[in-house]
Amino acid sequence: MKQDKVKYDFKAFGQAIKAARKAKGISRNQLADTLNIAPRYIASIENSGQHPSLQILYELVTLLDVSVDQFFFSEREQEKSTRRRQLDTMLDTMSETDLKIMSATAKGIEEANNDRTGE
């Protein structure tokens, strides 16, 4: 007896790819050129949830720093979210002075959150 397979809905993944691409300031055409695929293929992934090939999936998540854990293992706690991975990539390119500014900003946010919660 043939067992029915549940097909994964790639719409959320496509939206994450679109958001990550825009956050990096990459146009759909630029991304398509980088991956050597048609821009309409990117549009189909982003807007219609088309299933990308395994190779394109790999290239998209590595190029755009998108964590797939949130899509495939949603019940598990994520090691690093997409936003955290993207922030890590940005931090890697910053100078020591920039990192001091980022550290002070993070401390300020932490203190403001503590003041708000009364800790």
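Residues numbered from 1 in each chain as written. Predicted model: local features only at pLDDT ≥ 70, side-chain atom pairs only at ≥ 80, totals over all residues. Heavy atoms only, no water.

Trainee: Account for the overall build of the protein, with residues named and values stated.
Mentor: Secondary structure summary: the protein contains seven helices and zero strands in total. N-terminal to C-terminal, the α/β element order of the protein is α-α-α-α-α-α-α. Restricting the contact set of the protein to residue pairs at least 6 apart, pairs at least 24 apart contribute 53%. Carbon together with sulfur atoms contributes 50% to the accessible area of the protein, which is approximately 8,900 Å² in total. (Helix = DSSP H or I, 4+ residues; strand = E, 2+ residues; numbered from the N terminus. Contact = heavy atoms within 4.5 Å. Areas by Shrake-Rupley, 256 points an atom, 1.4 Å probe, with all protein chains shown as cover.)

Trainee: Any details on the packing of helix 2 (residues 28-35) against helix 3 (residues 39-48)? Residues and values, ideally.
Mentor: Remark: helix 2 packs on helix 3, axes separated minimally by 8 Å, with the N-to-C direction vectors making an angle of 115°. With respect to helix 3, the element helix 2 is oriented roughly perpendicular. As for how helix 2 packs across helix 3, the hand of that crossing is right-handed. Seen from helix 2, the contacting residues are R28, N29, L31, A32 and L35; seen from helix 3, they are P39, I42, A43, E46 and N47. (Axes fitted to C-alpha atoms, helices over the stretch in contact; angles between N-to-C directions. Parallel < 35°, antiparallel > 145°, perpendicular 65-115°, else oblique. Left-handed = near helix turned anticlockwise from the far one by under 90°.)

Trainee: Please give an account of the side chain of E46 that cites residues and values.
Mentor: The topology assignment puts E46 in helix 3. E46 gets classed as buried once you look at its relative accessible area, which sits at 1%. Apart from residues no more than four positions distant in its own chain, E46 is found in contact with G14, Q15, I17, K18, R21 and R28. (Buried < 20%, exposed > 50% of the residue type's maximum accessible area, 1.4 Å probe, protein only.)

Trainee: Give me the nonpolar core: which residues, what numbers.
Mentor: The biggest cluster of nonpolar side chains holds 19 residues, and the ones touching the most others in it are F13, I37, I42, L60, L64 and V66. With five residues, helix 4 (residues 54-64) is the largest single contributor of residues to this core. With residues near it in sequence (within four places) discarded, I37 still touches A32, I42 and I56. (Core = buried A, V, L, I, M, F, W, Y, C linked by side-chain atoms within 4.5 Å.)

Trainee: Lay out a nonpolar patch on the surface with the relevant residues and their values.
Mentor: On the surface, a cluster of nonpolar side chains totalling about 250 Å² of accessible area is made up of L87, M90 and M102. Structurally, the position occupied by L87 is in helix 6 (residues 82-92). Since its relative accessible area comes to 37%, L87 is described here as partly exposed. (Patch = residues over 30% accessible without salt bridge, like charges linked within 9 Å, V, L, I, M, F, W, Y side chains within 5 Å. Salt bridge = Lys/Arg side-chain N within 4 Å of Asp/Glu carboxyl O.)

Trainee: Break down the pattern of salt bridges for me, citing the residues and quoting the values.
Mentor: Scanning all chains against the criterion turns up three salt bridges. Close ionic contact of R21 with E46 constitutes a salt bridge, the shortest N to O distance being 2.6 Å. Placement of R21 in helix 1 (residues 11-23) and of E46 in helix 3 is noted, with a sequence separation of 25 residues between them. As a salt-bridge pair, E46 and R28 come within 2.8 Å of each other at their nearest N and O atoms. Of this pair, E46 sits in helix 3 while R28 sits in helix 2, placing them 18 residues apart in sequence.

Trainee: Lay out the packing of helix 2 against helix 4 in plain terms, naming residues and giving numbers.
Mentor: Two elements in contact, helix 2 and helix 4, have axes separated by 11 Å at closest approach and are oriented at 120°. By the angle class used here, helix 2 and helix 4 are oblique. Crossing hand, helix 2 versus helix 4: right-handed. Of helix 4, the residues touching helix 2 (which contributes L31, T34 and L35) are E59, L60, L63 and L64.

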